[in-house]
Amino acid sequence: MQNQYIKIFDTTLRDGEQSPGATLTSFEKLEIARMLASLGVDIIEAGFPAASPDDLEGVRKIAKEVGNSPSGGSDENDSLPVICGLARANKKDIDAAWEAVKHAAKPRIHTFLATSPIHMKFKLNMDSEEVVELVKEMVAYAKSYCDDIEFSPEDAGRSDPEFLYLVLGEAIKAGATTINIPDTVGYTIPEEFGALIAGIIEHTPGVENVVVSVHCHDDLGLATANTLAGIAAGAGQAEVTMNGIGERAGNTSLEEIVMAIRTRRKIFELETGIDTTLITRMSRMVSNYTGIPVQPNKAIVGANAFAHEAGIHQDGMLKNQMTYEIMQPDMVGQSHSRLVLGKHSGRHAFKAHLAEIGYQLNKEELERTFKRFKEVADRKKTITDADLEAIVADQISQPREIFSLDGLQVTCGTMGMPTATVRLNGPDGELHVHAAIGTGPVDAAFSAIDVIVKAPNILVEYSVNAITEGIDAIGEVSVRLQAENGSIPRRRSPQSNQAQARTFGGHGVDTDIIVASAKAYLAALNKLLVASGHYAELEEKTAESLQPAK
Ligand code: KIV
Ligand code: ZN
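Residues numbered from 1 in each chain as written. Chains lettered and ligands numbered in written order. Predicted model: local features only at pLDDT ≥ 70, side-chain atom pairs only at ≥ 80, totals over all residues. Heavy atoms only, no water.

(A) Representation of the coordination of the zinc ion (ligand 2) in the model. The protein atoms donating to the zinc ion (ligand 2) are Asp15 (OD), His215 (NE2) and His217 (NE2), with metal-donor distances spanning 2.0 to 2.1 Å. Each donor residue of the zinc ion (ligand 2) belongs to the same chain, with the gaps between them written as D-x199-H-x1-H. On the accessibility criterion, His215 (4% relative accessible area) is buried. (Donors = N, O, S within 2.8 Å, 3.2 Å for Na, K, Ca; no water. Buried < 20%, exposed > 50% of the residue type's maximum accessible area, 1.4 Å probe, protein only.)

(B) Representation of the sheet that holds strand E5 (residues 107-114) within the structure. The sheet built from eight strands closes into a barrel, its strands ordered E2-E3-E4-E5-E6-E7-E8-E9 with parallel pairing. Across the sheet, the mean angle from the axis of one strand to that of its neighbour is 25°, orientation sign disregarded. By the bridge criterion, four bridges tie strand E2 (residues 7-10) to strand E9 (residues 237-240) in an arrangement that is parallel. When the bridges of E9 are listed, Ile8 appears paired with Ala238. (Pairing = 2+ DSSP bridges. Helix = DSSP H or I, 4+ residues; strand = E, 2+ residues; numbered from the N terminus. Axes fitted to C-alpha atoms, helices over the stretch in contact; angles between N-to-C directions.)

(C) Just the side chain of Thr204, in detail. Summarising the element assignment, Thr204 is placed in the loop between helix H8 (190-203) and strand E8 (211-216). Residue class for Thr204 comes out buried when judged on its relative accessible area of 3%. Sequence-distant contacts of Thr204, defined by excluding residues within four places in its chain, comprise Tyr165, Leu168, Gly169, Ile172 and Gly199. (Contact = heavy atoms within 4.5 Å.)

(D) Fine view of the packing of aromatic side chains. Enumeration over the complete set of coordinates arrives at eight aromatic pairs. Relative to Tyr145, the ring of Trp98 lies with its centre 5.7 Å away and its plane at 15°, an arrangement referred to as stacked. Placement of Trp98 in helix H4 (residues 91-101) and of Tyr145 in the loop between helix H6 (128-143) and strand E6 (149-154) is noted, with a sequence separation of 47 residues between them. Residue classification places Trp98 among the buried positions, given a relative accessible area of 17%. The class for Tyr145 is partly exposed, based on a relative accessible area of 30%. Three or more aromatic residues link up through ring pairs in this structure, and these residues are Trp98, Tyr141 and Tyr145. The ring of Tyr141 is capped by Lys91, whose NZ or CZ atom sits 5.1 Å from the centre of that ring. (Phe/Tyr/Trp six-rings, centres within 6.5 Å; stacked < 30°, edge-to-face > 60°. Lys NZ or Arg CZ within 6 Å of the ring centre and 35° of its normal.)

What is shown is where atoms sit, not what they do.
Right under this line is the structure:
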């Protein structure tokens, strides 16, 4: 029997970007969207265009550049992702969503309105009749622009099922083509959520003509289980984010759903269009750009997801890999343990190896990355694929460098005051040097950078992670920071309408973790400077080569 196809709707750029601290630049959004398209997701929810003119522009860019094939041929269009924009149930939001997505070959408007008693009473201040009327009116309004309309009854997990059948039936009558069932606050348990989906499929008028979708949040750690229960009950679309990022505890993670369906194919009898070998790279890109590290024990994409520590496990693995491994690391593009290149490797071998693992760099990027590789190889005996990926990402993915690190020297230890001297390339083309003391070498380096960059901020997170094992491992640092004194306009969440402080993430890689820290801090500061409107005239650079080779 042929497996049924389940659509993967990725909302990393919308619900994921609503995570505290996941502010992405438009360059980063475009890069992520391109990579999502290569991964094979069916629908990209590219943002919430009514949030701000910047958000609208970001979605529009994705619609134009990722939602269209260069030739415009209909065969090529078939493989393009749908580009979707979110809108609350009002005309202004729907107008903005359409403005943003209309350039895509396959545009979608996603509108939503809450249906749970608590949301209707306290958030909307509307009764159930008024909610039904507004849904009918706004779905029809969205339909006047676009054929492909998704409607979500927000907080469906706490809504009365009978009321859902009525609202969803009216949404379908008004033109919705996908009805998405969100467990907005991550409240349900799998049996309950599965039964809710089964009930909707059984009782909603017209449901046989539309796609039923599921959208779960992870407040009780049940998002993946609930999504799978919804799929088992007949949903044809799963809404997910990379690494499970999203509001509060996050959303269902793409990698968990896709690999559960693949690994337990006989149970689900489903398939997705995802190229699973790109999952690890996609996960790193999202983590690097958002500055949100992936926990080491995270299923599928965590650093330990395929590591075997206990002697008894290692022994079993040597005899037969399947003793302790239900998936092989290369299925998700993990190739940690291959020792590949050393300091004597030439440019040719370097280029050939990069091509083999999927990177086609242009001449200038190749030169820059090769130079960096040599510097790292001088300090680290062997460079693995994971090291190489980190070097490439570090060299060609920094979105806009206003200030960049030219040199750093620290003194630290127990015998004196931790002191750092930093030398930065500035936007004026000059070198800026400053020395500062701190509670430790990282604090001293950040203080010296602060004096030069002059972007007052609050550091909200700092984390260090070793990419590969061993004393000479490459260290990866993520930082997240917020502008001090509210100098950057706050941003509203589409659901709560509450203003949230914007957080900027940065990522740096080096065998020296103080250097990696300084780079990560500068990357985050550069984003803060761009968001504050300074240096807007500097050109954004694009890095097509980050995309996997076709
Ligand atoms: O969680 C939620 O309810 C949402 C809707 C906008 C679908 O993200
Ligand atoms: Zn959500």
